[in-house]
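Analysis of the macromolecular model
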Amino acid sequence: GAVVSQHPSWVICKSGTSVKIECRSLDFQATTMFWYRQFPKQSLMLMATSNEGSKATYEQGVEKDKFLINHASLTLSTLTVTSAHPEDSSFYICSARGTGRNTIYFGEGSWLTVV
Amino acid sequence: LAKTTQPISMDSYEGQEVNITCSHNNIATNDYITWYQQFPSQGPRFIIQGYKTKVTNEVASLFIPADRKSSTLSLPRVSLSDTAVYYCLVGDAYNAGNMLTFGGGTRLMVKP
């Protein structure tokens, strides 16, 4: 089946620094990728939709200057958390939809801890 | 948007069949129904997808009545490893939209 991979799985960074999370579609071309965040024991919350070659679309309340998304190729989208603060600590998950596919597949998730 | 409603939690025992129902009263004509399973600290895993009637794969069955206003995920003979949160999503992935909106999910606890 389709595989979506995230890297890193775990990352710890100091407050004020930036951290990048990668999302790759391994066996299909993903025209659209999605980024979610999930707090413990809560559901997934959509942050933004990333379209290859164009600007990401952010959900209401998500700061686009803080959560930079780049979808430079059909197999890679990156989420950069800029000037991270402890409240940004969360589980970040990406998903991807392939061309002609009606199913969305998710990555393994990335834990971010800001200290 | 096709909002989904699921039970918050369910308990079962090993070897039993588990049925989790999802209500989606305002499902649109082009919407599909997709179920995902999520373990702690992992991304959701695709289980099954359907449009109408019944769909079966190696891990589950999905029952969808004619009016499509609800669906039931059936897990045969669950084991301890099936303890997870199960999400029902409704939408047309081709047009993104509400396929991307997660409800609260159902937390399934399988006991020995």
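This text goes with the structure placed above it.
The shown structure was predicted, so the numbers you read here are calculated from the model rather than taken from an experiment.

Conventions and cut-offs
Residues numbered from 1 in each chain as written. Chains lettered and ligands numbered in written order. Predicted model: local features only at pLDDT ≥ 70, side-chain atom pairs only at ≥ 80, totals over all residues. Heavy atoms only, no water. Core = buried A, V, L, I, M, F, W, Y, C linked by side-chain atoms within 4.5 Å. Buried < 20%, exposed > 50% of the residue type's maximum accessible area, 1.4 Å probe, protein only. Helix = DSSP H or I, 4+ residues; strand = E, 2+ residues; numbered from the N terminus. Salt bridge = Lys/Arg side-chain N within 4 Å of Asp/Glu carboxyl O. Disulfide = S-S within 2.5 Å. Pairing = 2+ DSSP bridges. Axes fitted to C-alpha atoms, helices over the stretch in contact; angles between N-to-C directions. Polar contact = N/O pair within 3.5 Å; in protein donor to acceptor, adjacent residues only side chain to side chain. Contact = heavy atoms within 4.5 Å. Buried area = accessible area lost by both parts, 1.4 Å probe. Nonpolar A, V, L, I, M, F, W, Y, C, P; charged D, E, K, R; others polar. Phe/Tyr/Trp six-rings, centres within 6.5 Å; stacked < 30°, edge-to-face > 60°.

**So, the nonpolar core**
- Residues A:Val4, A:Trp35, A:Phe67, A:Tyr92 and A:Leu112 are the most contacted members of the largest nonpolar core, which totals 25 residues.
- Looking at this core, the elements that each hand over two or more residues are strand E2 (10-13), strand E3 (19-25), strand E4 (30-38), strand E5 (45-51), strand E7 (67-73), strand E8 (76-81), strand E9 (90-98) and strand E11 (110-114) of chain A.
- Counting 20 residues, the second largest nonpolar core, distinct from the first, contains B:Trp35, B:Leu75, B:Val90 and B:Val110.

**Concerning the pattern of salt bridges**
Residue and element names in this part refer to chain A.
- One pass over the structure, following the stated rule, counts 3 salt bridges over all chains.
- Measuring nitrogen to oxygen at the nearest pair gives 3.4 Å for the salt bridge that ties Arg24 to Glu22.
- In this structure, Lys66 and Asp88 form a salt bridge, with 2.9 Å as the shortest nitrogen-oxygen distance. With a gap of 22 residues between them, Lys66 in the loop between strand E6 (57-58) and E7 and Asp88 in the loop between E8 and E9 connect regions that are remote in the sequence.

**Quick notes on the state of the cysteines**
All names here are of chain A.
- On inspection of all chains with the given rule, the structure shows 2 disulfides over all chains.
- A sulfur-sulfur distance of 2.0 Å marks the disulfide that ties Cys23 to Cys94. Disulfide Cys23 to Cys94: torsion about the S-S bond roughly 80°, handedness right-handed. Taken as a pair, Cys23 in strand E3 and Cys94 in strand E9 lie far apart in primary sequence, 71 residues in all.

**Overview of the sheet that holds strand E3 (residues 32-38) of chain B**
All names here are of chain B.
- Pairing is mixed in the open sheet, where 5 strands are placed in the order E1-E9-E8-E3-E4. Each of the sheet's edge strands pairs with one partner strand only, and the pair in question is strand E1 (9-13) and strand E4 (45-50). Each adjacent strand pair in this sheet contributes to an overall mean axis angle of 25°, direction not counted.
- Pairing analysis gives 5 bridges linking E3 to E4, with the strands arranged antiparallel. The residue of E4 that forms the bridge with Trp35 is Ile48.

**Structural notes on the side chain of A:Ser110**
Residue and element names in this part refer to chain A.
- One can find Ser110 in strand E11.
- Looking at Ser110, the relative accessible area reads 0%, which means it is buried.
- Separated by 2.6 Å, the side chain of Ser110 and the backbone oxygen of Pro8 make a polar contact.
- Sequence-distant contacts of Ser110, that is, excluding residues within four places in its chain, are made with Gln6, His7, Pro8, Ser9, Ile21, Ser90, Phe91 and Tyr92.

**Notes on the pairing of E11(A)**
Residue and element names in this part refer to chain A.
- Across the 5 residues of E11, 4 count as buried, placing the element largely inside the fold.
- The sheet contact formed by E2 and E11 spans 4 bridges and is parallel. Its bridge partner being in E11, Trp10 is matched across the sheet by Trp111.

**Description of the sheet that holds strand E5 (residues 53-56) of chain B**
Residue and element names in this part refer to chain B.
- Spatial ordering of the open sheet is given by E2-E7-E6-E5, a layout of 4 strands whose pairing is antiparallel. What marks the edges here is a single partner per strand, and that holds for strand E2 (18-23) and E5. Strand-to-strand, the axes of this sheet are offset by a mean angle of 15°, without reference to chain direction.
- The sheet contact formed by E5 and strand E6 (residues 61-64) spans 4 bridges and is antiparallel. Bridged to Val55 within E6 is Leu62.

**Describing the interface of chain B and chain A**
- Counting residues at the interface gives 21 residues for chain B, matched by 23 residues for chain A.
- A combined buried area of about 1,700 Å² lies between chain B and chain A, and 54% of that area is made up of carbon and sulfur atoms.
- Between the two partners, chain B and chain A, sit 0 salt bridges.
- Linking chain B with chain A are 5 residue pairs in polar contact (both at pLDDT 80 or more).
- At the level of elements, E3 and E4 of chain B are the ones that each hand at least two residues to the side of chain B that touches chain A.
- The element best represented in the side of chain B that touches chain A is E3(B), accounting for 3 residues.
- Class assignment of the residues belonging to the side of chain B that touches chain A gives a composition of 11 nonpolar, 8 polar and 2 charged.

**Describing the packing of aromatic side chains**
All names here are of chain B.
- Scanning the entire structure with this criterion turns up 13 aromatic pairs over all chains.
- An angle of 80° between the planes, with centres 6.2 Å apart, marks the rings of Tyr36 and Phe46 as edge-to-face. Here the residue Tyr36 occupies a position in strand E3, and Phe46 occupies one in strand E4, the gap between them amounting to 10 residues.
- Ring geometry for Tyr36 versus Phe102: centroids 6.4 Å apart, planes at 45°, classification tilted. One end of the pair, Tyr36, is in strand E3; the other, Phe102, is in the loop between strand E8 (84-91) and strand E9 (106-111), with 66 residues separating them in the sequence.
- What makes Phe102 buried here is its relative accessible area of 9%.

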